[in-house]
Amino acid sequence: MNQFQAGQMPELEAKGWSGHFASMRSDPLGTMERASAMGDLVRLRFGPFYAYGVFHPVHAQHVLVQNAQNYEKQTRGYAKLRLLLGNGLVTSEGDFWRRQRRIAQPAFHRERIAGFVQNMAEATRDLASRWSQAASPTLTSNISEDMMKLTLRIAGETLCSRDISGEADRLGGSLKHVLEHFHWLTNAPIPYPEYWPTLGNVRFWQAMRNIERVLADLIEERRRSNEVHHDLLSMFMEAVDEETGEQMDDRQLLDEAKTMLGAGHETTAVALSWALYLLSQHPEVADRLAEEAEAVLGDKLPTPETVSQLTYANQVFNETMRLYPPVWAFARRAKDDDTIGGFRVPKGAIVFVGIRDLHRHPEYWENPQTFDPDRFAPERVEARRKLPSGKHSFIPFIAGQRKCIGDHFALTEGTLVLAMLGQRFRFERKPGYQEIAAEPRLTLRPKDGDLPLVIHPR
Ligand code: HEM
């Protein structure tokens with residue numbers, strides 16, 4: 001037993017009364033790196049309060065699975081997220097969440113997702129055609145923006161059979177503004193009332209109304225027409241809770257539609273952006289990916305069967321999310337006193353899991369900073385699973401009952417897009433751009449959303 005096991009978790013030292021407020025605002029990734037370098041469980045002080053950091057798979061499993069019922073989403077971050085997503089699957093809790101999850105789950109079965117592969121493939125083919133036409137001989141593009149538009153189109157088509165990226169200026173512009181202001185709302189040094197009539201707040205609510213209007217119109221139109229659609233919105237509208245016989249009302253449909261757009265599009269877009277960036281740094285990986293895509297796809301669009309054969313593209317996508325998990329950390333509040341790894345965690349404390357640092361834990365990953373998609377070769381995955389809580393050494397979608405409902409959807413989309421783009425193009429960092437820094441906003445995105453890459457046809 002070491003000296004700390006008497007009770008308190010080791011603490012990352014902080015100067016001044018405010019503790020880590022300033023360093024978490026100015027350098028969140030660095031602060032978390034320093035904390036995780038200290039140990040697997042480390043406290044950070046914010047004014048008079050402590051937040052308890054978890055950086056080891058065994059302890060993450062404790063929070064997410066073994067004692068998950070003790071950890072709720074009653075934190076400041078989720079309160080603000082409710083402004084954005086309403087009371088949808090990401091933000092709701094308890095019986096309401098359980099019912100919504102039960103209703104939504106069938107829409108994410110593998111066979112359903114197979115039905116969306118064609119939308120994903122056509123949207124990617126159109127982007128590739130646009131790049132090809134512009135790339136004579138090369139094109140420099142902000143990959144971040146391209147990936148946001150691509151995943152927004154896919155999210156729109158799969159959610160409501162509409163290419164809402166066509167309404168990008170109306171919807172995409174509003175989404176962008178909402179996300180920017182959201183960062184400010186959650187990171188203001190003192191709680192910042194979102195209803196004060198500041199310019200930022202007024203524009204935020206205008207943008208929110210805009211998004212809601214687009215989605216509410218869609219729901220209303222759908223209620224009126226008798227057309228049959230095979231999209232998530234229809235599945236939600238038709239779904240009947242087996243236990244209660246209830247269906248979702250318009251408010252719930254709107255919240256779930258906002259949730260699917262919000263949770264589904266930016267996360268996948270940043271993962272894809274980082275993947276293309278990493279391919280630009282690792283030509284040998286890019287060549288192997290292109291060879292696989294050529295052998296499996298040839299000149300055909302992907303189908304559910306061929307996507308499942310794109311094993312290397314899938315490994316590249318996973319390895320990207322290991323190094324750059326779109327959701328890089330998350331927090332919960334302890335409902336009751338708990339003990340994690342022998343340390344006391346008091347009732348009401350904020351506990352956070354640093355996914356990005358956990359994904360680089362040296363007990364699970366050799367040379368953890370190195371990009372190496374072969375780590376996800378089946379035999380190496382199997383070997384990792386034999387380590388303590390090995391399954392939780394890679395949790396981009398978290399784990400347990402609150403695991404991402406769209407994980408299979410995202411993996412299918414990520415694999416397919418990477419294979420199709422990697423087959424046709426080679427990517428290179430724009431001259432003059434050094435290493436692109438990661439910036440933790442709602443997701444872990446390239447700094448300022450700026451990722452210019454030079455695109456060469458293969
Ligand atoms: C690479 C892409 C994605 C990543 C990394 C990701 C990650 C996550 C994570 C970490 C959570 C847990 C959040 C929390 O506990 O607060 C989550 C939840 C969720 N995700 Fe995803 N996600 C991705 C794509 C998607 C897609 C494509 C969809 C929908 C089409 C989606 C829908 C959701 C929903 C509805 C939840 C809430 C589930 C629940 O609590 O029941 N996600 N996701």
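Structure first, text after, so check above.
Structure report, in brief. Each chain carries its own residue numbering, running from 1 in the written order of its sequence. Totals for whole chains, interfaces and linings use all residues, but because this is a predicted model, local features are given only for residues with pLDDT of at least 70 and pairs of side-chain atoms are given and counted only at 80 or more. Excluding hydrogens and water, the side-chain figures rest on all heavy atoms present in the structure.

### Observations regarding the overall build of the chain
Step number 1: Looking only at helices and strands, one finds 18 helices and twelve strands in the chain.
Step number 2: Here the globule rule is a power law, 2.2 Å times the number of residues to the power 0.38, and the radius of gyration is based on C-alpha atoms. Compactness check: the chain gives a C-alpha radius of gyration of 22 Å against a globular reference of 23 Å for 458 residues, within 12% of the reference.
Step number 3: Dimensions of the chain, computed from the C-alpha atoms along their principal axes, are close to 65 × 55 × 45 Å.
Step number 4: Throughout, exposure labels follow a simple rule: accessible area from a 1.4 Å probe, protein chains only, divided by the maximum for the residue type, with under 20% read as buried, over 50% as exposed, and the rest as partly exposed. For the chain, the proportion of its 458 residues judged to be buried stands at 55%.
Step number 5: Under this rule, positive means Lys or Arg and negative means Asp or Glu; His and the chain ends count for nothing. For the purpose of locating charges, the reference atoms are NZ of Lys, CZ of Arg, CG of Asp and CD of Glu. Charge-centre separation for the chain: the mean point of 56 positive side chains lies 4 Å from the mean point of 60 negative side chains. Note on conventions: DSSP H or I runs of at least 4 residues are helices, E runs of at least 2 residues are strands, and numbering of each starts at the N terminus.

### Comments concerning the sheet that holds strand 1 (residues 41-46)
Step number 1: Spatial strand order, 1-2-8-5-3: five strands in an open sheet with mixed pairing. A strand with exactly one partner marks an edge of an open sheet, and here the two such strands are strand 1 and strand 3 (71-72).
Step number 2: Where strand 5 (residues 330-334) lies against strand 8 (residues 350-353), four bridges are found, and the strand directions are antiparallel. For Arg333, the partnering residue across the bridge sits in strand 8 and is Ile350. Here the rule is simple: two strands pair whenever DSSP picks up at least two bridges between them.

### Side note on the pattern of salt bridges
Step number 1: A carboxyl oxygen of Asp or Glu within 4 Å of a side-chain nitrogen of Lys or Arg is what we treat as a salt bridge. Taken as a whole, this structure holds 25 salt bridges when the rule is applied.
Step number 2: Put simply, Glu11 and Arg43 hold a salt bridge, and the shortest N to O gap is 3.4 Å. On the criterion of sequence distance, the pair formed by Glu11 in the segment before helix 1 (21-26) and Arg43 in strand 1 is long-range, its members being 32 residues apart.
Step number 3: One salt bridge in this structure joins Asp287 and Arg458, with 3.1 Å as the shortest N-O distance. Highlighted residues: Asp287 in helix 13 (residues 283-297) and Arg458 in the segment after strand 12 (452-457), separated in sequence by 171 residues.
Step number 4: Taking relative accessible area as the criterion, Asp287 reaches 34% and is therefore assigned partly exposed.
Step number 5: Using a relative accessible area of 41% as the deciding quantity, one classes Arg458 as partly exposed.

### Considering the sheet that holds strand 9 (residues 425-429)
Step number 1: Read across the sheet, three strands follow the order 4-12-9 without closing on themselves; strand pairing throughout is antiparallel. The two strands at the open ends of the sheet, each matched to only one other strand, are strand 4 (139-142) and strand 9. Strand-to-strand twist in this sheet, taken as the mean axis angle between neighbours without regard to direction, amounts to 35°.
Step number 2: Any two residues whose heavy atoms approach within 4.5 Å at even a single point are treated as in contact. Lines fitted to C-alpha atoms define the axes, with helix axes restricted to the stretch in contact, and inter-axis angles between N-to-C directions lie between 0 and 180 degrees. With respect to the sheet, helix 7 (residues 117-134) is in contact with strand 4, strand 9 and strand 12, its orientation differing from that of strand 9 by roughly 70°.

### Comments concerning the packing of helix 10 (residues 199-224) against helix 12 (residues 250-281)
Two quantities define a packed helix pair, namely the angle between the axes and the distance from one axis to the other.
Step number 1: The geometry of helix 10 relative to helix 12 is characterised by a closest axis approach of 10 Å and an angle of 120° between their N-to-C directions. Considering the angle they form, helix 10 stands oblique to helix 12. In the crossing of helix 10 with helix 12, the sense of the turn from one axis to the other is right-handed. Between helix 10 and helix 12, the contacting residues are Met208, Glu212, Leu215, Ala216, Ile219 and Arg223 on the first element and Asp250, Arg251, Leu253, Leu254, Ala257, Lys258 and Leu261 on the second.
Step number 2: Along the lines of polarity and charge, the residues of the contact of helix 10 with helix 12 split into eight nonpolar, no polar and five charged. In this scheme, roughly parallel covers angles under 35 degrees and roughly antiparallel covers those over 145, while 65 to 115 is roughly perpendicular and the rest are oblique. Note on convention: near helix rotated counterclockwise from far helix by under a right angle means a left-handed crossing. Clockwise means right-handed. Gly is placed with the polar residues, together with every amino acid not listed as nonpolar (Ala, Val, Leu, Ile, Met, Phe, Trp, Tyr, Cys and Pro) or charged (Asp, Glu, Lys and Arg).

### A look at the site of the ligand
Step number 1: Working definition: residue near molecule or strand if any one of its non-hydrogen atoms lies within 4 Å of it. Not every one of the 26 residues close to the ligand is listed here, only the nearest: Tyr78, Trp97, Arg101, Arg402 and Cys404.
Step number 2: At 2.5 Å from an oxygen atom of the ligand is found a side-chain nitrogen or oxygen belonging to Tyr78.
Step number 3: Contacts described as polar in this section are N or O atom pairs within 3.5 Å, which, within protein, must combine one atom able to donate a hydrogen with one able to accept it, while residues neighboring in sequence count only if both atoms come from side chains. Between an oxygen atom of the ligand and a side-chain N or O atom of Arg332, the distance comes to 2.9 Å.
Step number 4: At the level of secondary structure, the elements contributing two or more residues to the shell around the ligand comprise helix 5 (94-104), helix 12 and helix 18 (407-424).
Step number 5: Tallying contributions element by element places helix 12 first for the shell around the ligand, with five residues.
Step number 6: Looking at side-chain class alone, the shell around the ligand contains 17 nonpolar, four polar and five charged residues.

So yeah, pure geometry; function would need other evidence.
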